[in-house]
Protein chains: 2
Amino acid sequence: MKKTVLVFSLLILALLLLFQFSKYTVISGDLNIEYIMAIIAIAFLGIGIFINKKTQKQPETYNDQINLQKVEELGLSKREYEVLKEVALGLSNQEIAEKLFVSESTIKTHVSNLLLKLNAKRRTQAIQISKDLNII
Amino acid sequence: MKKTVLVFSLLILALLLLFQFSKYTVISGDLNIEYIMAIIAIAFLGIGIFINKKTQKQPETYNDQINLQKVEELGLSKREYEVLKEVALGLSNQEIAEKLFVSESTIKTHVSNLLLKLNAKRRTQAIQISKDLNII
DNA sequence: ATCAATTTAGTACTTTAGTATGAGCTTCAA
DNA sequence: TTGAAGCTCATACTAAAGTACTAAATTGAT
């Protein structure tokens with residue numbers, strides 16, 4: 001945000017300076033009007049490209065966005081989904097329990113339910129299925 | 001390539017048209033020079049952004065090639081690497097054993113060794129680490 | 001307010017995973 | 001040919017994961 005403001009401020013400044021410059025040169029007759037036009041055109045073409053580059057986000061993950069709709073379709077509850085993500089991180093039930101401040105029993109229950117909903121036999125399979133469905 | 005030629009042709013055409021237009025308006029005194037400058041600036045700013053968008057390539061998959069060199073660095077044997085891939089598919093030791101026509105003991109040995117080499121505590125963690133290292 | 005779903009947690013159990021160790025067999029390079 | 005490395009397998013463990021219940025507290029919508 002701050003960068004955007006800065007860039008636009010500089011842009012406006014550049015525009016104003018160009019106005020002054022063009023006015024001066026036209027009046028004094030030093031330069032042909034075509035040259036000024038060309039300079040402005042090229043300069044702003046460059047600025048346009050520059051701005052675009054800067055504001056362009058890294059596309060990285062636009063094709064593997066997490067499909068939250070699928071999560072709902074599967075009937076995964078908020079907590080189950082949360083646990084699933086921890087499982088995929090490679091944590092044990094005990095570690096997940098500590099991370100989420102609940103007992104290991106609770107995590108076991110969640111994992112068990114989540115395996116049913118994902119139609120997986122093991123947590124490793126659940127990870128594989130989840131990746132295929134783009135939900136993690 | 002064809003598109004690039006087309007875009008640049010249109011650009012040059014636009015530039016020439018602008019020159020003619022500006023010359024006409026300056027001579028006839030219809031418009032203030034500042035307005036013309038502003039129009040040119042904005043127009044070429046837009047063109048710059050447009051060109052940049054069009055020429056931007058999709059980075060797709062240059063970062064997820066399997067890094068076999070890393071496999072060697074880790075000291076993973078051929079068989080261990082094979083087992084690792086099956087583990088990542090979500091198979092149990094028994095299932096992997098059947099798939100590779102060996103006993104479950106053998107798979108357990110391989111998995112145990114592979115966890116050591118990957119510095120993982122569990123197979124799920126091994127999957128996560130392997131994905132990070134781009135070896136699966 | 002009430003009902004359904006969610007979250008929590010427990011017990012008791014079975015299954016799977018993982019460790020440690022020893023050992024036979026094969027392969028391949030020094 | 002000897003030795004290191006890799007693959008195989010076994011036994012005997014311990015640890016972790018997963019199942020099958022039951023049940024209480026919480027939350028959210030009708």
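These numbers were taken from a predicted model, which means no experiment stands behind them.

Conventions we followed
- Residues numbered from 1 in each chain as written.
- Chains lettered and ligands numbered in written order.
- Predicted model: local features only at pLDDT ≥ 70, side-chain atom pairs only at ≥ 80, totals over all residues.
- Heavy atoms only, no water.
- Salt bridge = Lys/Arg side-chain N within 4 Å of Asp/Glu carboxyl O.
- Helix = DSSP H or I, 4+ residues; strand = E, 2+ residues; numbered from the N terminus.
- Buried < 20%, exposed > 50% of the residue type's maximum accessible area, 1.4 Å probe, protein only.
- Near = heavy atom within 4 Å.
- Polar contact = N/O pair within 3.5 Å; in protein donor to acceptor, adjacent residues only side chain to side chain.
- Axes fitted to C-alpha atoms, helices over the stretch in contact; angles between N-to-C directions.
- Parallel < 35°, antiparallel > 145°, perpendicular 65-115°, else oblique.
- Contact = heavy atoms within 4.5 Å.
- Nonpolar A, V, L, I, M, F, W, Y, C, P; charged D, E, K, R; others polar.
- Arc of directions from axis to C-beta.

## Side note on the pattern of salt bridges
Under the defined criterion, the tally for this structure stands at 12 salt bridges over all chains. Residue Glu82 of chain A is joined to Arg79 of chain A by a salt bridge in which the shortest nitrogen-to-oxygen separation is 3.0 Å. A residue pair is termed a helical-turn pair when its members lie 3 or 4 positions apart in one helix, as Glu82 of chain A and Arg79 of chain A do in helix H4 (residues 78-88) at 3 residues. Residue Glu82 of chain A is classed as partly exposed on the basis of its relative accessible area of 29%. A salt bridge links Lys99 of chain A to Glu86 of chain A; the nearest nitrogen and oxygen atoms lie 2.9 Å apart. Placement of the pair is Lys99 of chain A in helix H5 (residues 93-100) and Glu86 of chain A in helix H4, with a sequence separation of 13 residues. Taking the relative accessible area as the measure of exposure, Glu86 of chain A reaches 11% and is therefore buried. Taken together, the salt bridges that share partners define one network made up of Glu95 of chain A together with Lys121 and Arg122 of chain B.

## Section: the protein's contact with DNA strand D
Close to DNA strand D lie 18 residues, the nearest being Lys108, Ser112 and Arg123 of chain A together with Ser77 and Ser103 of chain B. The protein-proximal atoms of DNA strand D, defined as those within 4 Å of the protein, are 71% sugar or phosphate. Between a phosphate oxygen of DNA strand D and a main-chain N or O atom of Arg123 of chain A, the distance comes to 2.7 Å. With respect to DNA strand D, the side chain of Arg79 of chain B contributes an N or O atom lying 2.9 Å from a phosphate oxygen.

## Some points on the packing of helix H4 (residues 78-88) of chain B against helix H6 (residues 104-118) of chain B
Residues and elements named next belong to chain B. Axis separation between H4 and H6 bottoms out at 9 Å; the angle between their running directions is 95 degrees. The orientation of H4 with respect to H6, classified from their angle, is roughly perpendicular. Listed contacts from H6 to Arg79, Glu80, Val83, Leu84 and Val87 of H4 are Ile107, His110, Val111, Asn113, Leu114, Lys117 and Leu118. Taken together, the residues of the contact of H4 with H6 break down into 7 nonpolar, 2 polar and 3 charged.

## Re unusual backbone geometry
All names here are of chain A. Even without being glycine, Asn119 reaches a positive phi, approximately 60 degrees. Counting through the fold element by element, Asn119 comes out in the loop between helix H6 (104-118) and helix H7 (123-132). Here Asn119 falls in the exposed class, since its relative accessible area comes to 66%. The backbone of Asn134 shows a phi angle near 60 degrees, a positive value even though the residue is not glycine. Residue Asn134 is classed as partly exposed on the basis of its relative accessible area, which comes to 27%.

## Digging into the protein's contact with DNA strand C
As a structural note, the neighbourhood of DNA strand C is formed by 18 residues, with Ser77 and Ser103 of chain A together with Lys108, Ser112 and Arg123 of chain B the closest of them. With respect to DNA strand C, the side chain of Thr106 of chain A contributes an N or O atom lying 2.9 Å from a phosphate oxygen. In the environment of DNA strand C, a phosphate oxygen lies 2.9 Å from a nitrogen or oxygen atom belonging to the side chain of His110 of chain A. For the surface near DNA strand C, the secondary-structure elements that each account for two or more residues are H4 and H6 of chain A together with H6 of chain B. Looking at side-chain class alone, the surface near DNA strand C contains 3 nonpolar, 9 polar and 6 charged residues.

## So, helix H5 (residues 93-100) of chain B
All names here are of chain B. Turning to H5, its buried residues are Asn93, Ile96, Ala97 and Leu100. All buried residues of H5 lie within an arc of 105 degrees about the axis, which places them on one face of the element. As for H5, its buried residues are in contact with H4, H6 and helix H7 (123-132). Looking one or two residues past H5, Phe101 carries a phi angle of roughly 55 degrees, positive in sign.

That is the geometry; function is a separate question.
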